[in-house]
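What follows is each chain in one-letter form.
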Amino acid sequence: CYVESALTHGVPISVVTAEGTPQLVLKDAAFTLNDGQPEAVNPQAYGDDLAAARVTVLGAVAHASARSDHHNLMAAAAMAADQGHQRADGAIRILIIDNGLSDAGALNVAQPGMTAADPAEVAGFVRSHGGCPASLAGTTMTLYGAGYGITTADAAQFVEASGPNI
């Protein structure tokens, strides 16, 4: 997995939450496993350090909570991209764990007809309203969980607004 690879290669990890007003939950956490020595030098220490790093990163994800109402995925993605580009000289990877059902900001899928809109028009709208990161050059974003984790009650506003597209 990408997180495991980042941990084993000492790549800094930041965690941003999209729930409520986007916030940086974990900033530039980089882990040195086994004091920088190869795993073969001390497999037990390497494993212990890797487990502790996993707990830190996954704990940040698990304990991220909203501090306000709504959900603004585009603002969170922009924050993550900007955060990554502040630190990295080259390519960055953003893993988005989210259902994708934003109800705030430039990409509000709760708006009537939004899920049936032309993607190019939506992208143009988002761009013209400042909803994009300063730069996406060298950025790869992967979305995990689109449509998952939303309850029937939570989905009501999206279904009402967009009909069977959700």
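Keep in mind it's a predicted model, so treat the numbers as computed, not measured. (Residues numbered from 1 in each chain as written. Predicted model: local features only at pLDDT ≥ 70, side-chain atom pairs only at ≥ 80, totals over all residues. Heavy atoms only, no water.)

Asker: What is the right way to read the layout of surface pockets from this model?
Answerer: A water-sized probe rolled over the atoms picks out the places where empty space is left. Put simply, the largest pocket is a space of about 1,200 Å³. Lining the largest pocket are 37 residues, and of these Ile13, Ser14, Val15, Ile94 and Leu95 sit closest to its centre. Mapped onto the lining of the largest pocket, the elements with two or more residues apiece are helix 1 (2–8), strand 1 (13–17), helix 2 (43–63), helix 3 (73–87) and strand 3 (92–97). In terms of residue class, the lining of the largest pocket is made up of 26 nonpolar, six polar and five charged. Taken as a whole, the second largest pocket encloses approximately 160 Å³ of empty space. (1 Å grid on protein atoms, 1.4 Å probe; cavity = no way out; pocket = protein on both sides within 12 Å on 5 of 7 lines; lining within 4 Å. Points joined across faces, edges and corners; volume = space filled by probe spheres on them. Helix = DSSP H or I, 4+ residues; strand = E, 2+ residues; numbered from the N terminus. Nonpolar A, V, L, I, M, F, W, Y, C, P; charged D, E, K, R; others polar.)

Asker: Mind showing me how you'd approach the pattern of salt bridges here?
Answerer: When the charged atoms of two side chains with opposite charge come close together, those side chains can pair. Applying the stated criterion across every chain, the model contains one salt bridge. The shortest N-O distance in the salt bridge between Glu4 and Arg54 comes to 2.8 Å. Of this pair, Glu4 sits in helix 1 while Arg54 sits in helix 2, and the two are 50 residues apart along the sequence. Judged by relative accessible area, which is 25%, Glu4 ranks as partly exposed. Judged by its relative accessible area of 31%, Arg54 is partly exposed. (Salt bridge = Lys/Arg side-chain N within 4 Å of Asp/Glu carboxyl O. Buried < 20%, exposed > 50% of the residue type's maximum accessible area, 1.4 Å probe, protein only.)

Asker: Sorry, what's going on with the packing of aromatic side chains here?
Answerer: What characterises a pair of aromatic rings is the spacing of the ring centres plus the angle enclosed by the ring planes. For the structure on display, the rule yields zero aromatic pairs. The ring of Tyr2 carries Arg93 above its face, with NZ or CZ at 3.9 Å from the centroid. (Phe/Tyr/Trp six-rings, centres within 6.5 Å; stacked < 30°, edge-to-face > 60°. Lys NZ or Arg CZ within 6 Å of the ring centre and 35° of its normal.)

Asker: Would you take a moment to explain the nonpolar core for this structure?
Answerer: Counting 13 residues, the largest nonpolar core has Leu7, Ile13, Leu26, Phe31, Leu33, Leu50 and Val57 as its most contacted members. Of all the secondary-structure elements, those providing two or more residues to this core are helix 1, strand 1, strand 2 (23–29) and helix 2. The leading source of residues in this core is helix 2, at five residues. Setting aside anything within four residues of it in sequence, one finds Phe31 in contact with Leu7, Gly10, Ala53, Thr56 and Val57. Formed by nine residues, the second largest nonpolar core is a distinct cluster that contains Leu73, Ala76, Ile92 and Ile94. (Core = buried A, V, L, I, M, F, W, Y, C linked by side-chain atoms within 4.5 Å. Contact = heavy atoms within 4.5 Å.)

Asker: Hey, could you run me through the environment of Gly138 in this one?
Answerer: Secondary-structure assignment places Gly138 in the loop between helix 4 (119–128) and strand 4 (139–144). Judged by its relative accessible area of 42%, Gly138 falls in the partly exposed class. Along the primary structure Gly138 and Arg93 are separated by 45 residues, whereas in three dimensions their C-alpha atoms are 8.5 Å apart. In this structure Gly138 touches Gly90, Ala91 and Ile92, once residues within four positions along its chain are discounted.

Asker: Where do I start with the side chain of Gln23 in this structure?
Answerer: Position of Gln23 relative to the elements: it lies in strand 2. Separated by 2.9 Å, the side chains of Gln23 and Arg67 make a polar contact. Each residue touching Gln23, except ones within four places of it in the same chain, is listed here: Val15, Val16, Thr17, Ser65, Ala66, Arg67 and Met79. (Polar contact = N/O pair within 3.5 Å; in protein donor to acceptor, adjacent residues only side chain to side chain.)

Asker: Just to check I follow, could you spell out a nonpolar patch on the surface for this structure?
Answerer: On the surface, Tyr2, Val61, Leu95, Ile97 and Tyr144 cluster together into a nonpolar patch covering about 460 Å² of accessible area. Checked against the element boundaries, Tyr144 lands in strand 4. For Tyr144, a relative accessible area of 40% gives the class partly exposed. (Patch = residues over 30% accessible without salt bridge, like charges linked within 9 Å, V, L, I, M, F, W, Y side chains within 5 Å. Areas by Shrake-Rupley, 256 points an atom, 1.4 Å probe, with all protein chains shown as cover.)

Asker: I tried to follow the confidence of the model for the chain on my own but got confused; where do I start?
Answerer: It should be kept in mind that the predicted coordinates are not to be read in detail where pLDDT is low. Averaged over all residues, the pLDDT of the chain equals 82, while 87% of them reach at least 70. Taken element by element, the predicted model of the chain shows its lowest mean pLDDT in helix 5 (residues 152–162) (55) and its highest in helix 2 (94). (pLDDT = per-residue confidence, 0-100.)

Asker: Is there a simple way to explain helix 3 in this structure?
Answerer: Since the α-helix advances by 3.6 residues per turn, residues separated by three or four positions end up pointing in the same direction. Here helix 3 is 15 residues long and its end C-alpha atoms lie 21 Å apart, about the 21 Å a rise of 1.5 Å per residue gives. Looking at helix 3, one finds that the buried residues are Leu73, Met74, Ala76, Ala77, Ala78, Ala80, Ala81, Gln83 and Gly84. Summarising the contacts, the buried residues of helix 3 are in contact with strand 1, strand 2, strand 3, helix 4 and strand 4. (Expected span 1.5 Å × (residues − 1).)

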